[in-house]
Every structure is written in C-alpha cells, then in structure tokens.
Amino acid sequence: MGEKEHLAVPVQERWVEEISVEELARYGPLAEYMRASAKIPGWLRGEEAKAMASLVSSLPDNCVVVEIGSFLGSSSVLLGAALKLRGSGKLHCVDPFDGSGDAFSVPIYNNILEGNEGKPLRQCFHENIHAADLQNWVEVHQGSADEISKSWRHPIDLLFLDGDHSPQGARLAYESWFPMLKVGGIIAIHNSNPREYAKDHNGSRLLALEEIHPPVYTDIHLVETTTFARKAATGESFPH
Ligand SMILES: C[S@@+](CC[C@H](N)C(=O)[O-])C[C@H]1O[C@@H](n2cnc3c(N)ncnc32)[C@H](O)[C@@H]1O
C-alpha cells in the first residue's frame, strides 16, 4: 500500500457524529438514509454524498441511475434512497461482488470483508439494501463493468463510476458506458480529485483529466473527490 494514500474505512456512524440539527431539518427523511449509508463501510460521504443525493432529486421522472462499483451498498443506499424519496427511477448496481479490483484497493476490500465472518459480499449487499427497505429501487447486475455493458440498452441519466480505479480499469468502464449516457445526462467520477495517488490507483483522476472537457461536457465541477459533468455532445471522436 502506498504511504501517501490511505483509503481508510470511514469512521462508523460518521453522520451520527456530524449531522447538525439544521441539516436534519433541511434533509428531512434523507438524513436517516445518510446515517444508514454511513454505517456501511464505503467511500461516499459528506458534501459529495449530499451533492449526489440532490442531483438524483433533479433527474427526470423514471430516471435510470447506474452505479459502477457498489461493494457493500453504502453509496447504493444513498442513491436508492434519493430515488425512493422522489418517487421514481431505478438504481442499477454493477459489481462483480467478489472483492476484485485494482491492486491498491483489493487488500482494503479484503480487510473490510474479513469482518463479515465469511458471509459473501453479494449477501451483505442484499442485506444492507433490505435493511434500508430499498429493494424495490435497486437492481443488481453482477459482473464487471465491461461485461454488463455489452447487453445494456437503457439510456442513462446518471452514471456513477466507482469501480476499478486503475488507469486501465477506469478507462475500460468509461469507454464501455459512455455511449449509453444520454446527452444531458450526468457523469460522476469518484476518487478523481487532484492529489497524490498510490501507484496505479489514479485511473479515475486520469479519466477526469483526459476526458471530461468541453465540448463533450458542460457544468464540470468537483465536489470533494467526485468530478461531476453534464454530457453535452456524443463525442464522435470517441474512443481515441
Ligand atoms: C471503491 S468500491 C465502491 C464503493 C461504493 N461505491 C461506496 O462508496 O460505498 C469499488 C467496487 O467496485 C468493484 N469493482 C472492481 N472492479 C470492477 C469492475 N471492473 N466493474 C465493476 N465493479 C468493479 C469492487 O470489487 C468494489 O466492490
């Protein structure tokens, strides 16, 4: 593991500690789901979690949200809850559910999963989604991003990329799913902020630098570690 980067498991119940009375009032029912999400080991927290939930609320009716990389379902709970609270749409969770990924992340996944007493990751995910009563809002597609993309036909309103963070893995997921993102749809690339990365863990950062530009994208902005952008053109020159 690189010394400069630590993908630590977030402090459990971070939201219980950090959510203020004002925020509870402002986020209403979502605050409870943010707490539920923060109890599950995951990486979408704080301002970027709020930005993601608020974005889901603004999507068109019956929106299609695709999450590449769900792990134990922490971010899936947040996204699924935002759909449930708005009353329409579906979250599609794409993950092999085998703890695989880039070389930097796999030992961290293994370390977290050791705490589950041998229970399969897919079962843990299922239990976490059911505990939040979000099973009607979430559909699982077990497999890697590129495998699942081959049979995917639904235009996507929000594409959240948080799977393999190696340069090859992040690019493969992007190239596999970019064509299905609607013009006007939003891409959210987690773990893509400017900082020092461990070796071969900077794939999402490189992707944001190399691909997320006008005229293909507008409204490009960073919230904590997540790059958000709206697809404005089909990117005829793609893939390179
Ligand atoms: C960083 S975790 C996702 C965390 C989750 N989004 C959250 O914030 O709670 C990355 C997940 O993507 C999975 N993954 C790795 N390679 C993948 C690929 N090629 N396609 C889809 N998922 C992948 C990993 O096994 C892991 O479950």
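These notes cover the structure that comes with them. (Residues numbered from 1 in each chain as written. Predicted model: local features only at pLDDT ≥ 70, side-chain atom pairs only at ≥ 80, totals over all residues.)

**Remarks on helix 5 (residues 74–86)**
Between its first and last C-alpha, helix 5 extends 19 Å over 13 residues, near the 18 Å set by a 1.5 Å rise per residue. Among the 13 residues that make up helix 5, eleven are buried, leaving the element largely enclosed by the rest of the structure. Among the residues of helix 5, those classed as buried are Ser74, Ser75, Ser76, Val77, Leu78, Leu79, Gly80, Ala81, Ala82, Leu83 and Lys84. For helix 5, the elements touching its buried residues are helix 3 (29–39), helix 4 (46–57), strand 1 (64–68), strand 2 (90–95), helix 7 (121–131) and strand 3 (138–142). Phi for Gly87, located one or two positions after helix 5, is positive at around 90 degrees. (Helix = DSSP H or I, 4+ residues; strand = E, 2+ residues; numbered from the N terminus. Expected span 1.5 Å × (residues − 1). Buried ≥ 20, exposed ≤ 12 C-beta atoms within 10 Å, placed from the backbone. Contact = placed C-beta atoms within 7 Å.)

**Overview of the pairing of strand 7 (residues 226–231)**
The buried fraction of strand 7 is high, at five of six residues. Alignment of strand 5 (residues 181–189) against strand 7, held across four bridges, turns out to be antiparallel. Paired with Ile186 across the bridge in strand 7 is Arg230. Sheet topology places strand 6 (residues 217–223) next to strand 7; five bridges connect them, and they run antiparallel. Bridge assignment links His221 to a residue of strand 7, and that residue is Phe228. Linking two consecutive strands that pair antiparallel, namely strand 6 and strand 7, is a turn of two residues; a positive phi of about 50 degrees is found at Glu224 within it. (Pairing = 2+ DSSP bridges.)

**Some remarks on the site of the ligand**
The environment of the ligand is made up of 23 residues, and the closest members are Gly42, Gly69, Ser74, Gly101 and Gly163. Elements with a contribution of two residues or more to the shell around the ligand: helix 5, strand 2 and helix 9 (167–177). Partitioning the shell around the ligand into residue classes produces nine nonpolar, eleven polar and three charged. (Near = placed C-beta within 6 Å. Nonpolar A, V, L, I, M, F, W, Y, C, P; charged D, E, K, R; others polar.)

**Comments concerning the packing of helix 9 against helix 10 (residues 203–211)**
A pair of packed helices is characterised by two quantities: the angle between their axes and the separation of those axes. Contact pair helix 9 / helix 10: the axes reach a minimum separation of 7 Å and the direction vectors enclose 50 degrees. By the angle between their axes, helix 9 is oblique relative to helix 10. Here the hand of the crossing between helix 9 and helix 10 comes out right-handed. Of the residues in helix 10, those touching helix 9 at Pro167, Gly169, Ala170, Arg171 and Tyr174 are Gly203, Ser204, Leu206, Leu207 and Glu211. In terms of residue class, the contact of helix 9 with helix 10 is made up of five nonpolar, three polar and two charged. (Axes fitted to C-alpha atoms, helices over the stretch in contact; angles between N-to-C directions. Parallel < 35°, antiparallel > 145°, perpendicular 65-115°, else oblique. Left-handed = near helix turned anticlockwise from the far one by under 90°.)

**Section: the environment of Ser144**
Structurally, Ser144 can be placed in the loop between strand 3 and helix 8 (145–149). Here the alpha-carbon distance between Ser144 and Ile68, two residues 76 residues apart in the chain, equals 8.5 Å.

**Some remarks on the sheet that holds strand 1**
The mixed open sheet is built from seven strands, whose spatial order is 3-2-1-4-5-7-6. Edge positions in the sheet fall to strand 3 and strand 6, since each of these pairs with one other strand and no more. Taken pair by pair, the neighbouring strands of this sheet meet at an average axis angle of 15 degrees, ignoring direction. The sheet contacts of helix 4 involve strand 1, strand 4 (156–161), strand 5, strand 6 and strand 7, and relative to strand 6 the element is tilted by about 145 degrees.

**Notes on unusual backbone geometry**
A cis geometry characterises the amide bond from Pro214 onward to Pro215, with omega recorded as 5 degrees. Examined against the element boundaries, Pro215 turns out to sit in the loop between helix 10 and strand 6. Non-glycine residue Phe71 carries a positive phi angle of around 55 degrees. Of note, Phe71 is situated in the loop between strand 1 and helix 5.

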